[in-house]
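Each chain is listed here by its residues.
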Amino acid sequence: MGLPKVVTREEWRAAREELLALEKAATRARDELNTRRRELPMVEIDKSYVFEGPDGKSELLDLFEGRPQLVVYHFMFAPDWDAGCPSCSGFLDQIGHLAHLRARGTEFVAVSRAPFTRILPFKARMGWTVPWYSSHLSDFNQDFGATFTGEDGTLQEQPVISCFLREGERVFHTYSTFARGMDHIGFTTNFLDLTALGRQEEWEKPEGRASALGAPAGSARVRYHDEYVD
């Protein structure tokens, strides 16, 4: 296992200052990227979508709860699955109190294709309070890339984050991101990126740290939070 080189405090400080310059450059680049994201054009949603939730059927406009913005996490949970995706569950575990988002006029919800009758017991098991809706009555997930037809002709799921803006009764799609585009979102990966062993994935460099804990690579160890053995 290739652990970091052991040096004196003075050598570490010099190396840290060198890295700090790169971190500041990355922060400025991220600010510019965020600006470009806010400058993206938007598309008006002129299609009717039906969702199922705790209060019965809802439309996309209802999911805003009267707020100007809506962030949707397309949670991987197909209609025939008994439980939601473990990795998506790990992501949802990291969602904090929504009051801070709502204070900035933004609502957050999870949406899955599984019927609400399947979502409800799994949500209770996980202890989540995040609003969660079923889109099985419409093709919402398909239209926003969270459900797609694989090479074998079957429907496949992938996690997606989609953002919407409301102007009165009009709803607009402003942004969506997939796969590694969600890398910077979430407590776990962000904190692991600060550590010497990182996320412990095989693709990370320096090589040789993925198996540092004597177990499979990081993502292979993901479980539901009530299944981990301390």
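See the structure printed just above.
Since the model is a prediction, treat every value here as computed from it, not as a measurement.

**Some details on the pattern of salt bridges**
Between side chains of opposite charge, a pair can form when the charged atoms approach closely.
Alright, step 1. The tally for this structure, following the rule as stated, stands at ten salt bridges.
Alright, step 2. Here R113 and E157 are joined by a salt bridge, their closest N and O atoms 2.5 Å apart. With R113 in the loop between β5 (106-112) and α4 (116-126) and E157 in strand β8 (residues 155-157), this pair connects stretches of sequence that are 44 residues apart.
Alright, step 3. By relative accessible area, which is 10% here, R113 ends up buried.
Alright, step 4. Linked by salt bridges that have partners in common, E44, E167 and R170 make up one network.

**Observations regarding the packing of aromatic side chains**
Alright, step 1. Under the definition given, this model contains 16 aromatic pairs.
Alright, step 2. Residues Y73 and F75 carry aromatic rings whose centres are separated by 6.1 Å and whose planes lie at 90° to one another, so their mutual orientation is edge-to-face. You'll find Y73 and F75 in the same group, each marked buried.
Alright, step 3. Centroid distance F140 to F164: 6.2 Å. Interplanar angle 35°. Geometry classified as tilted. Placement of F140 in helix α5 (residues 140-143) and of F164 in strand β9 (residues 160-167) is noted, with a sequence separation of 24 residues between them.
Alright, step 4. Take F140: its relative accessible area is 0%, and that puts it in the buried class.
Alright, step 5. Following the ring pairs from residue to residue traces out a cluster consisting of Y73, F75, F77, F91, F122, W128, W132 and Y224.
Alright, step 6. Looking at R125, its charged tip hangs above the ring of Y224, at a distance of 4.8 Å from the centre.

Cut-offs applied
- Residues numbered from 1 in each chain as written.
- Predicted model: local features only at pLDDT ≥ 70, side-chain atom pairs only at ≥ 80, totals over all residues.
- Heavy atoms only, no water.
- Salt bridge = Lys/Arg side-chain N within 4 Å of Asp/Glu carboxyl O.
- Helix = DSSP H or I, 4+ residues; strand = E, 2+ residues; numbered from the N terminus.
- Buried < 20%, exposed > 50% of the residue type's maximum accessible area, 1.4 Å probe, protein only.
- Phe/Tyr/Trp six-rings, centres within 6.5 Å; stacked < 30°, edge-to-face > 60°.
- Lys NZ or Arg CZ within 6 Å of the ring centre and 35° of its normal.

So far we have only geometry, and geometry alone does not tell us how the molecule works.
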